[in-house]
Each structure stands twice: as structure tokens, then as C-alpha cells.
Amino acid sequence: MADAETHDWTHVAAFARQHRGKVHFDQGNLEDALTDFTAAVFLREKAGAPTDQLESSLIAVAVVESFIAERDQAR
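Residues numbered from 1 in each chain as written. Predicted model: local features only at pLDDT ≥ 70, side-chain atom pairs only at ≥ 80, totals over all residues. Heavy atoms only, no water.

1. A few points about the environment of Arg17
Assignment of secondary structure puts Arg17 in helix H2 (residues 10-26). Judged by its relative accessible area of 15%, Arg17 is buried. Distance from Arg17 to Thr35, taken between C-alpha atoms, is 8.7 Å for residues 18 residues apart in sequence. (Helix = DSSP H or I, 4+ residues; strand = E, 2+ residues; numbered from the N terminus. Buried < 20%, exposed > 50% of the residue type's maximum accessible area, 1.4 Å probe, protein only.)

Dropping the structure here:
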């Protein structure tokens, strides 16, 4: 992923961030998931990605934010 971002391979970097975000989410690392999903949104916007890819990242951000809010309210 670092190579993709360093070499400005934006599509590859966005794909990597999205999928690493999924791994973080599955492991319960919500803040790390949010960081990766948010990065995927910006990278996909930068790359001019198709609407469905951008929406996928935006939905992931919204879902993680919802989980974080629920967790924080339970405390």
C-alpha cells in the first residue's frame, strides 16, 4: 500500500485502503477501519473512480461511524 501511495498509483492505493479497512472492521478496530475507509474515499475521489466504488467507501465510513457512536453511547 505504501508503494502505491508513494508512486501515485491512486486506484491501487484506494483498493488497498478499502480492503485493509474491512480487515480492521472485522477485527473490531473501528478507529483504524474509519481511517482506512476515509482515505479510500479521498483516494477514489482523486482518481475519479466510478460512482459505485466511491459510494462503497462512503457507506463503509457511515457504517463505522455508526458503530463507533453506538459503542460510545454504551459506555
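2. Side note on a nonpolar patch on the surface
On the surface, Ile59, Val63 and Phe67 cluster together into a nonpolar patch covering about 260 Å² of accessible area. Mapped onto the secondary structure, Val63 falls in helix H4 (residues 51-74). A residue is classified by how much of its surface remains accessible, and Val63, at 35% relative accessible area, is partly exposed. (Patch = residues over 30% accessible without salt bridge, like charges linked within 9 Å, V, L, I, M, F, W, Y side chains within 5 Å. Areas by Shrake-Rupley, 256 points an atom, 1.4 Å probe, with all protein chains shown as cover. Salt bridge = Lys/Arg side-chain N within 4 Å of Asp/Glu carboxyl O.)

3. Description of the side chain of Gln18
With respect to the helices and strands, Gln18 occurs in helix H2. Residues within four places of Gln18 in sequence aside, it is in contact with Phe37, Ala40, Arg44, Ser56, Ser57 and Ala60. (Contact = heavy atoms within 4.5 Å.)

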